[in-house]
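Understanding the architecture of this molecule
As a plain string of letters, each chain reads:
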Amino acid sequence: LSIEETSKLQEIKEKIKKKLSDYNQKVNDSKEIACILTDTTVKKISQLEFGIDANIPMIIQGFTSAGKSFLSNVASKINNRDCLSTALSEHTTTEDFLGRDIIKDDSSITFIPGILLLAYTEGKTLILAECDLAKPEILSCILGSISKNELIVNNKVFRKMDGYNVILTMNGEAKGFNEMQRNILPSHIVTKFYLLHFDEIEEKESENIFNKQLISCQYYKKLENVQQILVDLHKKMSKMSKEKQGRIDPIVTLRNLINCTYLDKSRIHPSIAAEISYIARFPEEERNKFEDTIKGFGD
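Now for a quick tour of the structure.

Cut-offs and rules
Residues numbered from 1 in each chain as written. Predicted model: local features only at pLDDT ≥ 70, side-chain atom pairs only at ≥ 80, totals over all residues. Heavy atoms only, no water. Helix = DSSP H or I, 4+ residues; strand = E, 2+ residues; numbered from the N terminus. Buried < 20%, exposed > 50% of the residue type's maximum accessible area, 1.4 Å probe, protein only. Contact = heavy atoms within 4.5 Å. Areas by Shrake-Rupley, 256 points an atom, 1.4 Å probe, with all protein chains shown as cover. Salt bridge = Lys/Arg side-chain N within 4 Å of Asp/Glu carboxyl O. Pairing = 2+ DSSP bridges. Axes fitted to C-alpha atoms, helices over the stretch in contact; angles between N-to-C directions. Parallel < 35°, antiparallel > 145°, perpendicular 65-115°, else oblique. Left-handed = near helix turned anticlockwise from the far one by under 90°. Nonpolar A, V, L, I, M, F, W, Y, C, P; charged D, E, K, R; others polar.

**Brief notes about the overall build of the chain**
Within the chain one finds 14 helices and nine strands. Counting every position in the chain, which comprises 299 residues, the buried fraction comes to 44%. Within the chain, contacts between residues separated by at least 24 positions form 70% of all contacts whose residues are at least 6 apart in sequence. A total accessible area of about 17,000 Å² is found for the chain, and carbon and sulfur atoms account for 50% of it.

Shown next, in the form of structure tokens:
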């Protein structure tokens with residue numbers, strides 16, 4: 001960066017830091033946002049803020065653990081936009097989005113709105129991860145909510161409230177739509193959104209985030225070289241995945257590594273924390289698929 005660009009970036013970082021501090025002062029401890037403002041993170045939040053301020057629907061494309069959903073939540077909340085978020089899958093239904101009738105204990109029937117309808121009628125930002133896994137009818141539902149000021153659900157008219165917006169995220173290469181996408185989004189959908197590209201987090205930035213995360217870990221401080229051991233583990237697994245597949249495998253992300261530090265609060269030994277964070281989240285029958293990778297962990 002030039003001196004001018006560095007100065008501008010620092011100015012933006014201070015503004016975001018102030019917004020983050022103001023937000024955390026208004027909420028209780030359990031709802032505080034813990035966000036480490038690296039230069040790359042600041043740039044990503046700054047990009048998101050333009051779309052949020054203008055209320056423009058966005059698609060964020062990039063690698064696993066690049067901060068797509070997390071930073072969308074951060075940028076929305078610190079700019080006073082309430083948000084709802086969920087991950088999409090091939091099993092997501094329009095009822096999940098719009099709502100369904102349920103039978104109560106007294107045998108009466110009541111309508112429970114879905115997550116899209118709630119955001120639509122309450123003027124919130126709807127953050128939807130894994131949009132490239134969604135069925136066509138789900139994508140049509142999203143497009144309809146963007147383009148229409150009213151939705152008819154369950155024979156009732158629901159009006160869009162000011163502030164409603166949609167942010168979609170999808171994994172894959174950060175440039176272009178190619179064979180590495182699980183589904184190719186049709187052009188008539190992509191053109192309705194502003195497209196952002198989040199590149200893979202660089203190794204130096206990963207270390208920076210992880211080192212700052214470890215500052216609050218009392219138990220880890222007592223163990224010799226644990227910080228370097230866990231960072232080396234992440235490097236080793238990232239290298240193995242790249243050599244094997246040419247991209248970051250979902251089993252190896254900064255998210256897994258940071259989960260190791262969260263387990264410090266329960267005084268979990270790092271070796272057990274690594275097994276929990278990287279391996280135990282997979283059903284036992286699936287672990288065989290990662291047998292070679294797991295052996296690569298070493299001691």
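**A look at the pattern of salt bridges**
For the structure shown, the criterion picks out nine salt bridges. Note that R159 and E150 form a salt bridge whose closest N and O atoms lie 2.1 Å from each other. Of the residues examined, E150 reaches a relative accessible area of 36% and is grouped as partly exposed. Here the salt bridges do not stand alone but share partners, grouping E95, D96 and R100 into one network.

**Points about the sheet that holds strand β1 (residues 58-62)**
With parallel pairing, the five strands of this open sheet are ordered in space as β2-β5-β8-β1-β9. This sheet does not close on itself; its edge strands, each paired only once, are β2 (83-87) and β9 (194-198). Here the average twist between neighbouring strands, direction ignored, is 15°. Bridge count for β1 against β9 is five bridges, and the pairing is parallel. Note on β9: the bridge partner recorded for I59 is L195. Of the strands in this sheet, β1, β2, β5 (125-129), β8 (165-170) and β9 touch helix α3 (residues 68-78), which is tilted by about 170° from β5. The strands touched by helix α5 (residues 115-122) within the sheet are β2 and β5, with β2 carrying the most contacts at an inclination of about 160°.

**With respect to the packing of helix α8 (residues 203-214) against helix α11 (residues 254-262)**
Where α8 meets α11, the axes come as close as 10 Å, and the angle between the chain directions of the two elements is 10°. By the criterion of interaxial angle, the relationship of α8 to α11 is roughly parallel. Relative to α11, the crossing made by α8 is right-handed. The residues of α11 that touch α8, namely those facing S206, I209, F210, Q213 and L214, are L254, L257, I258, T261 and Y262. Across the contact of α8 with α11, the residue classes tally to seven nonpolar, three polar and no charged.

**Considering the pairing of strand β7 (residues 156-159)**
Across four bridges, strand β6 (residues 150-153) lies against β7 in antiparallel orientation. What sits directly across from V153, in β7, is K156. The turn linking β6 back onto β7 is made up of two residues, and N154 within it adopts a positive phi angle of 55°.

**Examining unusual backbone geometry**
Non-glycine residue E130 carries a positive phi angle of around 60°. By secondary structure assignment, the location of E130 is in the loop between β5 and α6 (136-147). Its relative accessible area of 22% is what places E130 among the partly exposed residues. For N154, which is not glycine, the phi torsion reads 55° and is therefore positive.

**Considerations on the packing of helix α2 (residues 39-54) against α3**
Packing of α2 against α3 brings their axes to within 9 Å, and their N-to-C directions diverge by 60°. One finds that α2 runs oblique with respect to α3. α3 is crossed by α2, and the crossing has right-handed handedness. In this structure, α2 contributes T41, K44, I45, L48, E49 and I52 to the contact, and α3 contributes L71, S72, V74, A75, S76 and I78.

**Digging into the environment of G99**
Looking at where G99 falls in the secondary structure, it is placed in strand β3 (residues 99-103). Overall, the relative accessible area of 12% leaves G99 in the buried class. A C-alpha to C-alpha distance of 5.3 Å links G99 and I112, two positions 13 residues apart in sequence. If sequence neighbours within four positions are ignored, G99 has contacts with T94, F111, I112, P113 and G114.

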